[in-house]
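Next come the chains, spelled out residue by residue.
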Amino acid sequence: MSKTVKKIWNLVTTVLVAIVVVLVLLLVGARVVGLQVFSVLSGSMEPNYSVGSLIYVKDVDPFELKKGDVITFMMDEDTVATHRVVEIVPDENDSGVIRFKTKGDANKTEDGSLVHYKNVIGTPVFEIPKLGYVANYIQNPPGMYIAISAGAVLLLLVFLPDLFGKEEKTKQDENDEKAE
């Protein structure tokens with residue numbers, strides 16, 4: 001490989017590796033600092049959280065929440081939602097239990113059921129627009145297979161020059177020995 005091609009190759013692979021590292025840090029690295037990551041799949045909280053955004057949620061003590069706070073919670077076993085608290089409803093029978101009446105900012109009506117305090121995951125701290133599309137795509141087939149394949153190809157691209165470089169050096173060493 002010529003020096004110019006090698007420099008271009010190194011630049012391209014460095015940029016690709018940097019993009020992958022940034023994506024991994026944004027999608028997985030947040031968990032290291034105690035944040036959970038969710039994709040926004042509906043427009044119920046627009047304009048605050050746009051469809052396709054990636055939101056980062058930190059743990060919160062449900063008893064410290066107040067009216068107007070935005071919470072991320074489990075609606076059921078498979079569904080996570082992010083809505084605003086419009087009312088805190090204490091349990092009539094147990095003073096240690098509270099529920100939240102919630103509503104999406106873009107929704108005209110409040111949610112149909114109350115959110116039990118144990119279903120509160122946390123409160124969003126920031127979002128990255130459009131990255132939720134990428135996260136959602138690579139978490140499900142076929143996007144997962146494409147991401148794994150792209151990672152394998154990227155590894156090959158990074159190490160390919162070294163493999164060919166050694167072969168060229170070996171041939172050059174043999175030629176040098178013959179010349180002597």
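Before reading further, recall that the structure is shown in the block above.
So, here is what we can say about the structure in this document. (Residues numbered from 1 in each chain as written. Predicted model: local features only at pLDDT ≥ 70, side-chain atom pairs only at ≥ 80, totals over all residues. Heavy atoms only, no water.)

The two faces of strand 5 (residues 98-103) differ: Ile98, Phe100 and Thr102 on one face are buried, but Arg99, Lys101 and Lys103 on the other face are not. As paired elements, strand 4 (residues 80-90) and strand 5 share six bridges and run antiparallel to each other. By the bridge assignment for strand 5, Ile88 is matched with Phe100. Direction of pairing for strand 5 relative to strand 6 (residues 115-116): antiparallel, over a ladder of two bridges. By the bridge assignment, Phe100 is partnered in strand 6 with Val115. (Buried < 20%, exposed > 50% of the residue type's maximum accessible area, 1.4 Å probe, protein only. Helix = DSSP H or I, 4+ residues; strand = E, 2+ residues; numbered from the N terminus. Pairing = 2+ DSSP bridges.)

The next point concerns the sheet that holds strand 3 (residues 70-74). The strand order across the open sheet formed by seven strands is 1-2-7-3-4-5-6, and the pairing between neighbours is antiparallel. This sheet does not close on itself; its edge strands, each paired only once, are strand 1 (35-39) and strand 6. Two elements, strand 3 and strand 7 (residues 120-128), share two bridges in a ladder whose sense is antiparallel. Bridged to Phe73 within strand 7 is Val120.

A few words on a nonpolar patch on the surface. Residues Ile8, Leu11, Val12, Val15, Leu16 and Ile19 make up a contiguous nonpolar surface patch of about 530 Å² in total accessible area. You can see Val12 is positioned in helix 1 (residues 3-32). (Patch = residues over 30% accessible without salt bridge, like charges linked within 9 Å, V, L, I, M, F, W, Y side chains within 5 Å. Areas by Shrake-Rupley, 256 points an atom, 1.4 Å probe, with all protein chains shown as cover. Salt bridge = Lys/Arg side-chain N within 4 Å of Asp/Glu carboxyl O.)

Residues Leu65, Ile71, Phe73, Ala81, Val85, Val97, Ile98, Phe100, Val115, Tyr117 and Val120 constitute the largest nonpolar core, which totals eleven residues. Elements represented by at least two residues in this core include exactly strand 3, strand 4 and strand 5. Those residues in contact with Val120 that sit more than four places away from it in its chain are Val60, Pro62, Leu65, Ile71, Thr72, Phe73, Phe100 and Val115. (Core = buried A, V, L, I, M, F, W, Y, C linked by side-chain atoms within 4.5 Å. Contact = heavy atoms within 4.5 Å.)

It is worth spelling out unusual backbone geometry at this point. In this structure, Pro47 follows Glu46 across a cis peptide bond, with omega equal to 5°. Within the secondary structure, Pro47 sits in the loop between strand 1 and strand 2 (54-58). For the bond running from Pro141 to Pro142, omega is 5°, close enough to zero to count as cis. The residue Pro142 is located in the loop between helix 2 (131-138) and helix 3 (143-179) in this model. The phi dihedral of Lys130 is positive, around 70°, even though this residue is not glycine. Within the element layout of this structure, Lys130 appears in the loop between strand 7 and helix 2.

Turning to the environment of Phe126, a few remarks are in order. As for its placement among the helices and strands, Phe126 is situated in strand 7. A sequence separation of 68 residues divides Phe126 from Lys58, and the C-alpha atoms of the two residues are 9.6 Å apart. Not counting chain neighbours up to four residues away, the residues in contact with Phe126 comprise Leu35, Leu54, Ile55 and Tyr56.

Bear in mind that shape data such as this cannot, by itself, settle questions of function.
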